Amino acid sequence: MGLMMLCISPIQAGQFITDPPTKTAVVKKAEKEKLSGLAVAGMILGIIGIASWTWIGLLCATVGLILSAVAMRKIRKAEGKLRGRGMAITGLVSALVGFAVFIALVASRF
């Protein structure tokens, strides 16, 4: 019984086996959707803003917030030709958390 279960194909009745996508199909899809460098940079700087509790962290969070906001606008206007919306959102949220951490640390000193 166990051997027979291993031999059963995952293809259901009525399904067809298709060829895997060709290299040209993968290349064409990659050319259509480019990753936003602004979103990546905004995300990285936002994360640094959380990790660094100094003035440098505040500067990184500020730049990350601006880059992420610009990336969100460009991705929305690109109409599917630009991806990275999740990274831009992560950059926005992490930059705001970085601001909150910095303000909490400054407030705790007074």
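> Looking at this model, I keep getting lost on the packing of aromatic side chains. Mind explaining?
Aromatic rings considered in pairs are described by the distance between their centres and by the relative angle of their planes. In this structure the tally under the stated criterion is one aromatic pair. With a centroid separation of 4.9 Å and 65° between ring planes, the pair formed by tryptophan 55 and phenylalanine 102 is classed as edge-to-face. Residue tryptophan 55 is found in helix 4 (residues 55–77), and its partner phenylalanine 102 is found in helix 5 (residues 85–108); the two are separated by 47 residues along the sequence. A residue is classified by how much of its surface remains accessible, and tryptophan 55, at 65% relative accessible area, is exposed.

> I'm lost on a nonpolar patch on the surface in this one. Help?
On the surface, a nonpolar cluster with roughly 270 Å² of combined accessible area is contributed by Ile50, Ile89, Val93 and Val97. When residues in the nonpolar patch are grouped by element, the largest group, three residues, is from helix 5. The topology assignment puts valine 97 in helix 5. Given a relative accessible area of 36%, valine 97 falls into the partly exposed group.

> Sorry, what's going on with the environment of glycine 84 here?
For glycine 84, the position within the fold is in the loop between strand 2 (82–83) and helix 5. Taking the relative accessible area as the measure of exposure, glycine 84 reaches 12% and is therefore buried. Measuring from C-alpha to C-alpha, the distance between glycine 84 and serine 68 comes to 9.9 Å, with 16 residues separating the pair along the chain. In this view, glycine 84 contacts Leu35, Ala39 and Ile75; residues no more than four positions away in its chain are not counted.

Cut-offs used in this document
Residues numbered from 1 in each chain as written. Predicted model: local features only at pLDDT ≥ 70, side-chain atom pairs only at ≥ 80, totals over all residues. Heavy atoms only, no water. Phe/Tyr/Trp six-rings, centres within 6.5 Å; stacked < 30°, edge-to-face > 60°. Helix = DSSP H or I, 4+ residues; strand = E, 2+ residues; numbered from the N terminus. Buried < 20%, exposed > 50% of the residue type's maximum accessible area, 1.4 Å probe, protein only. Patch = residues over 30% accessible without salt bridge, like charges linked within 9 Å, V, L, I, M, F, W, Y side chains within 5 Å. Areas by Shrake-Rupley, 256 points an atom, 1.4 Å probe, with all protein chains shown as cover. Salt bridge = Lys/Arg side-chain N within 4 Å of Asp/Glu carboxyl O. Contact = heavy atoms within 4.5 Å.

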